[in-house]
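Analysis of the macromolecular model
The lines below spell out each chain.
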Amino acid sequence: MTPGRRVPGGTQLALPLDLPAPPRLRELSAWEAMLADYRTTGLTVETHPLALLRDRLPANTVSSRDLETLDHGRRVRVGGLVVARQRPGTAAGIVFILLEDELGTINLIVPPKIYERHRLTVRTEPLMLAAGKLERLAAAGGAINVLVDQIGSIDAPDQVLAEVKDFSMLDEQVRLGLADQRAAAGGGGGGGSGEDFRAVAPPVMSFGVGRRR
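Residues numbered from 1 in each chain as written. Predicted model: local features only at pLDDT ≥ 70, side-chain atom pairs only at ≥ 80, totals over all residues. Heavy atoms only, no water.

Things to note about the packing of aromatic side chains
Going through the model one piece at a time under the given rule, you end up with two aromatic pairs. Measuring from centroid to centroid gives 5.9 Å for Trp31 and Phe197, while their planes differ by 40°, and the two rings are tilted. Of this pair, Trp31 sits in helix 1 (residues 30-41) while Phe197 sits in helix 7 (residues 195-200); the two residues are 166 residues apart in sequence, bridging distant segments of the chain. For Trp31, a relative accessible area of 8% gives the class buried. The exposure class of Phe197 is buried, given its relative accessible area of 0%. Seen from their ring centres, Tyr38 and Phe197 are 5.7 Å apart, and the 90° between their planes marks the pair as edge-to-face. Here Tyr38 is found in helix 1, whereas its partner Phe197 is found in helix 7, with 159 residues between them in sequence. Members of the aromatic cluster, each reached through a chain of ring pairs, are Trp31, Tyr38 and Phe197. (Phe/Tyr/Trp six-rings, centres within 6.5 Å; stacked < 30°, edge-to-face > 60°. Helix = DSSP H or I, 4+ residues; strand = E, 2+ residues; numbered from the N terminus. Buried < 20%, exposed > 50% of the residue type's maximum accessible area, 1.4 Å probe, protein only.)

Focus: the pairing of strand 6 (residues 104-110)
As paired strands, strand 5 (residues 95-101) and strand 6 are joined by seven bridges and run antiparallel to one another. Following the sheet pairing, Leu98 is matched in strand 6 by Asn107. As consecutive antiparallel partners, strand 5 and strand 6 are separated by two residues. Here strand 6 pairs with strand 8 (residues 144-153) via three bridges, running parallel. The partner of Asn107 across the bridge, within strand 8, is Asn145. (Pairing = 2+ DSSP bridges.)

With respect to the confidence of the model for the protein chain
For the protein chain, the mean per-residue pLDDT works out to 82, and 77% of the residues sit at or above 70. Counting contacts from residues 160-167, a segment whose pLDDT is below 50, to residues more than four positions away or on other chains yields 18 contacts. Within the model, pLDDT remains below 50 along residues 187-194, and this stretch shows 17 contacts once partners closer than five positions in the same chain are excluded. (pLDDT = per-residue confidence, 0-100. Contact = heavy atoms within 4.5 Å.)

Here you go:
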């Protein structure tokens, strides 16, 4: 019997094909797997980016949990993923930023002078490193804030796995301006290798209107 199956007008033959074996792919690193999560779903349920970057931070960097036990007025350094930022018209130029690390959230208060000096970093960096004075004021119900006097970005692994294509034209212009600024400075400054994460970073929330690009 001829191998195959009957079709209108005759028999469709089943021809044996020697298919090549699938290529052996290397296993994704934890960082690459996290990027793939953000790229495909917009979130990650596995390791938080800061858990993967903790060993890249300065030795004196504290976590959101550490802030709960430190005294008012102490100088601290913190790092995290920017999840919200706002510059209310009634706040005299102050910018409020909410960071998230692998253990919780951190409130940053960025004074106008610091914002003007580091405008592009404040507006565009998804992974932020900041230093300043810890505030724990009874008048604010004991809420913990960091009054920032230094701000920068966190170095991320160098491999670029995605293109930046999801930003609004305004944010894209700001991003390009930041890239030009770094190029003029000779590529220095923390975070220059974080382009891969910036491409897939989750959208930043505005305190007033919810998440948006």
